[in-house]
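Results of the structural survey
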Amino acid sequence: MKSKLVIGNWKMNQSFEQAEDLTTAIEDALEDFNLSTEVVLCPPFPYLELVTDHADDGAHFYAGAQNCSQFTNGAFTGEISAEMLVSLGVEFCIVGHSERRKYFGETNAVIAEKVNRLVEQQLIPVVCCGETLEQRQNNQQFTVVEEQISETLFHLPKEKIEHVVIAYEPVWAIGTGETATPAQAEEMHSFIRSLVEKKYGTETAYNTYIIYGGSCNAKNAVELFAQENVDGGLIGGASLRADEFVQIVESAETSVSEN
Ligand code: PGA
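My aim in this report is to walk through the structure given alongside it, one point at a time. Bear in mind the structure is a predicted one, so any value in this text is a computation, not a measurement.

With respect to the packing of helix α5 (residues 108-120) against helix α7 (residues 141-153)
Contact geometry of α5 with α7 gives a least axis separation of 7 Å together with a crossing angle of 45 degrees. Overall, the two elements α5 and α7 adopt an arrangement that is oblique. Along this stretch, α5 crosses α7, giving a crossing that reads as right-handed. In this structure, α5 contributes Asn-108, Ile-111, Ala-112 and Val-115 to the contact, and α7 contributes Glu-147, Gln-148, Glu-151, Thr-152 and Leu-153.

Take a look at the structure:
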């Protein structure tokens, strides 16, 4: 069974000092493990170097950004390019988060461009998809997710898609305390894997990471990660507490060794 992937998305939280304490606490706690799980910390941009410095010093995690520009470089005030992220030692980047879609008007077309910039720089895009509550109530979740995935990712050639992480994050579960049940998560993850399989074949579909996000915490992670098609988690609120985040990583380890 392949190892799991656990990504902490700190969103727009933490002072520099708090970020330093959180990074150190996670580093210290993970030091004792012989981890197979891949762990990624995604702090706000100004703290990325803090995380890459720890990663360079041998910490058991990688650094990830929460967003990047769809443009390569130039006169785009306030933007951060994929190339800049690489120059800092960043290896992952979240794109298409529902908060970016909702508050910053990001469309599938813009997200596809961001994916392209990241792939050009050999960064790993963590591409988010997921339906709203209304869409689920209208039973549109599969159509919505299929459209998001095909419009943001399916222009990529086969050899690139395996280096993309897909994060299924039902919007109704993000920051609400309401988690998708393991069965709901598994149903959507296996649907997403079948889409990748149809387009790119069985082996590529197996190798592509599909992780779950939305009120994932130390209590529910074990069961979620035990699902056949759930390859790990994208953790928001619970990634801001070192002890809870590390427990989630432990759940990922356990779910692999038990299978
Ligand atoms: P949450 O956020 O864990 O706080 O629900 C997950 C995310 O938005 O990535």
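Here we look at the site of the ligand
Residues in close proximity to the ligand include Asn-9, Lys-11, His-97, Glu-169, Ala-173, Ile-174, Gly-175, Gly-214, Ser-215, Leu-234, Gly-236 and Gly-237, which together make up its full environment. Residue Ser-215 places a main-chain N or O atom 2.8 Å away from an oxygen atom belonging to the ligand. In the environment of the ligand, an oxygen atom lies 2.9 Å from a nitrogen or oxygen atom belonging to the backbone of Gly-236. Protein chains shield 95% of the accessible area of the ligand, which is 280 Å² for the free molecule.

Focus on the pattern of salt bridges
Taken as a whole, this structure holds nine salt bridges when the rule is applied. The closest approach of N and O atoms between Lys-114 and Glu-106, which form a salt bridge, is 2.7 Å. Residue Glu-106 is classed as buried on the basis of its relative accessible area, which comes to 9%. Among the charged side chains, a salt-bridge network with shared partners connects Lys-2, Arg-193 and Asp-231.

Some details on the nonpolar core
Counting residues in hydrophobic clusters, the biggest one holds 66 residues, and the most contacted among them are Leu-153, Ile-192, Tyr-212 and Phe-225. Per-element tally for this core: the top contributor is helix α9 (residues 182-200), with seven residues. The next biggest cluster of nonpolar side chains, apart from the first, holds 13 residues, and it includes Val-40, Cys-42, Val-165 and Leu-234.

Here we look at the side chain of Glu-106
As for its placement among the helices and strands, Glu-106 is situated in the loop between α4 (98-104) and α5. Engagement of the side chain of Glu-106 in a polar contact is seen with the side chain of Arg-100, the distance being 2.8 Å. Not counting the four nearest positions on each side in its chain, Glu-106 is found in contact with Asn-67, Gly-96, Arg-100, Arg-101, Ile-111 and Lys-114.

Considering the state of the cysteines
Within the structure shown, the criterion is met by zero disulfides. Lacking any disulfide linkage, Cys-129 is separated from the closest cysteine sulfur, that of Cys-128, by 7.6 Å.

Points about the pairing of strand β3 (residues 62-65)
On a regular strand, each side chain points to the face opposite its neighbour's, so the side chains alternate between the two faces of the sheet. Where strand β2 (residues 38-42) and β3 come together, two bridges link them in parallel fashion. Counted as the bridge partner of Leu-41 is Ala-63 from β3. Following the chain from β2 across helix α2 (residues 48-56) to the adjacent parallel β3, one finds a crossover that is right-handed. Direction of pairing for β3 relative to strand β4 (residues 92-95): parallel, over a ladder of two bridges. The residue bridging Ala-65 from the neighbouring strand is Cys-93, located in β4.

Calculation rules
Residues numbered from 1 in each chain as written. Predicted model: local features only at pLDDT ≥ 70, side-chain atom pairs only at ≥ 80, totals over all residues. Heavy atoms only, no water. Axes fitted to C-alpha atoms, helices over the stretch in contact; angles between N-to-C directions. Helix = DSSP H or I, 4+ residues; strand = E, 2+ residues; numbered from the N terminus. Parallel < 35°, antiparallel > 145°, perpendicular 65-115°, else oblique. Left-handed = near helix turned anticlockwise from the far one by under 90°. Contact = heavy atoms within 4.5 Å. Near = heavy atom within 4 Å. Polar contact = N/O pair within 3.5 Å; in protein donor to acceptor, adjacent residues only side chain to side chain. Areas by Shrake-Rupley, 256 points an atom, 1.4 Å probe, with all protein chains shown as cover. Salt bridge = Lys/Arg side-chain N within 4 Å of Asp/Glu carboxyl O. Buried < 20%, exposed > 50% of the residue type's maximum accessible area, 1.4 Å probe, protein only. Core = buried A, V, L, I, M, F, W, Y, C linked by side-chain atoms within 4.5 Å. Disulfide = S-S within 2.5 Å. Pairing = 2+ DSSP bridges. Right-handed = clockwise from strand over helix to strand, strands pointing away.

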